[in-house]
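Secondary and tertiary structure notes
The chain contents come next:
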Amino acid sequence: MAGNGDFSFSQGNPLANGLRKIQTSGNKKPNEICHDDSTTPVKAQTLDELHSLQKKKSAPSTPLQGSQGAFQQLSEEERQKQQLQSISASLASLTRETGPKVVRGDPSKKVEAPKPKTPVEIPSAVPSATVATVSDSALKSTHVLYNLSPAELYEQAIKYEHGSFITSTGALATLSGAKTGRSPRDKRVVKDETTEKELWWGKGSPNIEMDEHTFLVNRERAVDYLNSLDKVYVNDQFLNWDPQHRIKVRIVSARAYHSLFMHNMCIRPTPEELENFGTPDFTIYNAGQFPCNRYTHYMTSSTSIDLNLRRREMVILGTQYAGEMKKGLFSVMHYLMPKKQILSLHSGCNMGKDGDVALFFGLSGTGKTTLSTDHNRYLIGDDEHCWSENGVSNIEGGCYAKCIDLSREKEPDIWNAIKFGTVLENVVFDEHTREVDYTEKSVTENTRASYPIEYIPNAKLPCVGSHPKNVILLACDAFGVLPPVSKLTLAQTMYHFISGYTALVAGTEDGIKEPQATFSACFGAAFIMLHPTQYAAMLADKMQKHGTTGWLVNTGWCGGRYGVGQRIKLPYTRRIIDNIHAGSLLNAKYTKTNVFGLEIPDAMDGVPSEILNPENTWPDKEAYRDTLLKLAGLFKNNFEKFASYKIGKDNNQTEEILAAGPQF
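Model, not experiment: these values are computed from the prediction. (Residues numbered from 1 in each chain as written. Predicted model: local features only at pLDDT ≥ 70, side-chain atom pairs only at ≥ 80, totals over all residues. Heavy atoms only, no water.)

**A look at the sheet that holds strand β24 (residues 448–452)**
Taken together, 5 strands build an open sheet; the order of strands is β5-β6-β21-β24-β20 and the sheet is mixed. Looking along the sheet, the strands with just one partner apiece sit at the ends: β5 (165–166) and β20 (398–402). The pairing of strand β21 (residues 423–425) with β24 spans 3 bridges and is antiparallel. Opposite V423, over in β24, you have S450 as the bridge partner. (Pairing = 2+ DSSP bridges. Helix = DSSP H or I, 4+ residues; strand = E, 2+ residues; numbered from the N terminus.)

**Notes on the pairing of strand β30 (residues 549–554)**
Counting buried residues in β30 gives 6 out of 6 residues, a clear majority hidden from the surface. Here β30 shows no split at all, with T549, W551 and V553 on one side and G550, L552 and N554 on the other all buried. Pairing between strand β26 (residues 470–475) and β30: 6 bridges, direction parallel. Across the sheet, residue L473 finds its bridge partner in β30, namely L552. Pairing of strand β27 (residues 485–488) with β30 involves 4 bridges; the strand directions are antiparallel. If you follow K487 over to β30, its bridge partner there is W551. (Buried < 20%, exposed > 50% of the residue type's maximum accessible area, 1.4 Å probe, protein only.)

**Focus: the sheet that holds strand β25 (residues 464–465)**
What the 4 strands build is an open sheet, ordered β14-β18-β19-β25; its pairing is antiparallel. Two strands close off the open sheet at either side, each with one partner strand: β14 (343–346) and β25. Relative to strand β19 (residues 391–394), strand β18 (residues 384–388) runs antiparallel, the two sharing 4 bridges. Note that in β19 the partner of H385 across the bridge is N394. In the packing of helix α8 (residues 323–336) onto the sheet, contacts are made with β14 and β18, and the angle to β14 comes to roughly 145°. (Contact = heavy atoms within 4.5 Å. Axes fitted to C-alpha atoms, helices over the stretch in contact; angles between N-to-C directions.)

**Focus: the pattern of salt bridges**
If you walk through the whole model with that rule in mind, you get 16 salt bridges. The residue R268 makes a salt bridge to E454 at a minimum N-O spacing of 3.0 Å. Placement of R268 in the loop between α6 (256–265) and α7 (271–275) and of E454 in the loop between β24 and β25 is noted, with a sequence separation of 186 residues between them. According to the relative accessible area criterion, E454 is partly exposed, its value standing at 40%. Close ionic contact of E384 with K326 constitutes a salt bridge, the shortest N to O distance being 3.1 Å. Residue E384 is located in strand β18, and its partner K326 is located in helix α8; the two are separated by 58 residues in the primary sequence. A cluster of three or more residues bridged by salt bridges with shared partners is formed by K326, K327, K368, D383, E384 and E396. (Salt bridge = Lys/Arg side-chain N within 4 Å of Asp/Glu carboxyl O.)

**Description of the state of the cysteines**
Formally, a disulfide is one covalent bond, and it connects the sulfur atom of one cysteine to the sulfur atom of another. Taken as a whole and judged by the stated rule, the model has 0 disulfides. Left unpaired, C399 is separated from the closest cysteine sulfur, that of C463, by 8.3 Å. Judged by its relative accessible area of 2%, C399 is buried. (Disulfide = S-S within 2.5 Å.)

Have a look at this one:
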């Protein structure tokens with residue numbers, strides 16, 4: 001039986017379809033509309049109003065400077081106006097009277113958050129005599145998408161950027177265009193009165209010069225391109241987890257992919273920090289979809305990545321590869337930090353449960369990522385660090401991992417980090433299931449994943465640690481003559497740090513594979529700005545001051561060169577690293593090798609003693625001697641370009657470093 005306000009089935013004859021007629025009963029008054037009153041109706045009269053109710057506006061929380069008594073809050077309109085004024089200043093042309101007109105929000109959306117009534121523009125610093133006439137671009141407004149969240153950037157990428165997809169694990173798969181790696185030959189630095197004296201120029205240097213005028217031409221081209229767009233993405237973020245030495249950076253880009261990439265790679269500010277961000281210390285103009293003018297002086301292709309250290313600006317033209325932004329900022333830190341007596345380092349870093357910190361240096365293929373990622377230790381960072389008077393700190397807020405041949409078994413932490421918020425560059429996936437095939441190289445072998453560091457379970461947050469106890473230099477020696485581990489003197493640490501050695505296997509024309517020595521100063525020559533010996537001297541000074549021990553670890557071959565001997569087993573290398581962390585090798589007995597003069601332990605726990613001295617593992621002793629001298633000669637030839645550089649009083653430190661190299 002129906003109750004008040006319910007309905008009942010009619011007891012009369014059924015309808016033609018066999019169903020009984022439903023009759024309502026209860027308190028319904030005549031002419032009253034019948035509706036479902038089980039829930040409260042929405043407070044909206046239109047669909048647009050309903051959609052607007054989905055989003056909750058964020059309230060500002062920054063007190064006014066100099067306010068008295070209770071906190072006074074900036075209105076949202078005033079806060080946005082200040083942010084837009086700062087962004088307009090960043091995008092200002094150097095030849096026009098005012099900065100561009102900028103407004104906040106996506107131009108395609110109907111419902112917008114409150115914003116200033118008129119577009120914001122600022123006066124230019126250029127004298128009126130040099131101001132160009134008003135152009136069409138000055139009559140339009142550029143919409144600014146400011147510090148969007150990953151969810152918002154996903155929406156932008158999926159809707160507007162062809163080649164963007166959500167993978168089966170929730171990551172954003174995207175394409176970097178024609179360039180799938182960095183373009184070091186197209187990276188240039190402005191050479192002025194200051195940088196001419198301070199930077200490393202000439203043979204072996206990564207710094208290719210350009211003049212101020214050419215930089216400004218490219219800057220104007222990038223700014224004009226960005227201002228011509230309906231919208232640009234702006235990220236305001238930080239570098240360096242040490243709050244005393246952090247750098248404020250602004251990235252202006254045309255793609256949601258670039259904005260999400262930098263959201264992951266830089267340190268993400270809190271809402272309070274963002275409201276009080278102010279003027280950035282460094283600005284990137286990423287106009288990578290637009291080429292440079294090849295007729296411009298110094299240009300050798302349609303790509304140009306330009307650094308102006310005096311203006312604290314970077315311009316990107318002709319490449320959409322996101323890694324240019326990451327490594328460009330790393331180069332900037334290699335210049336700015338040493339000015340404050342802070343050592344910038346291309347290294348991995350982890351910390352034990354007792355607070356002991358280790359730095360890992362190594363080129364590609366040496367195992368730096370694998371060995372610095374240890375479930376028994378906290379990860380401070382995987383790639384870029386600073387060593388200051390406060391200890392070590394990660395420069396970045398994320399990780400940029402290689403994905404080729406990635407598997408859950410080999411790299412579980414990286415595998416599990418590829419989820420919502422992660423950017424997957426240039427990967428191939430199933431068109432239906434969206435499952436990624438990490439073995440596929442159709443687009444490039446340089447497939448990458450960018451994700452926040454907190455996606456790693458044992459990440460140390462904040463990413464800072466005490467002064468390092470150990471500095472571990474990794475080399476994959478395919479010649480098979482370096483010992484699996486050796487303890488280094490301070491001078492030897494400087495020598496091998498400056499050398500930055502590993503050996504790769506390269507195919508020759510007749511099909512025979514031979515080791516090929518590779519040297520990269522400071523284990524990151526492509527990014528350093530000063531002469532390598534300056535970084536080495538700072539490293540030695542800090543190691544000496546804090547009692548840090550240097551180690552050389554070979555993750556390559558023993559018993560013969562590549563093709564003859566065998567690769568040192570990873571469990572043995574891991575046990576060596578564990579013994580270094582534990583401090584047990586400090587008390588071991590050592591034997592000094594010929595030629596390189598390396599101190600190798602006679603025995604250690606968990607590693608066969610016979611492999612500790614490489615000569616013992618070679619059945620052909622004459623071949624070992626010949627190969628050892630060959631490698632020593634390669635070291636000596638590489639170091640000649642550094643030998644004339646004076647370090648220390650009366651050049652005494654230079655002599656010590658040279659004496660620490662191979663003697664034959």
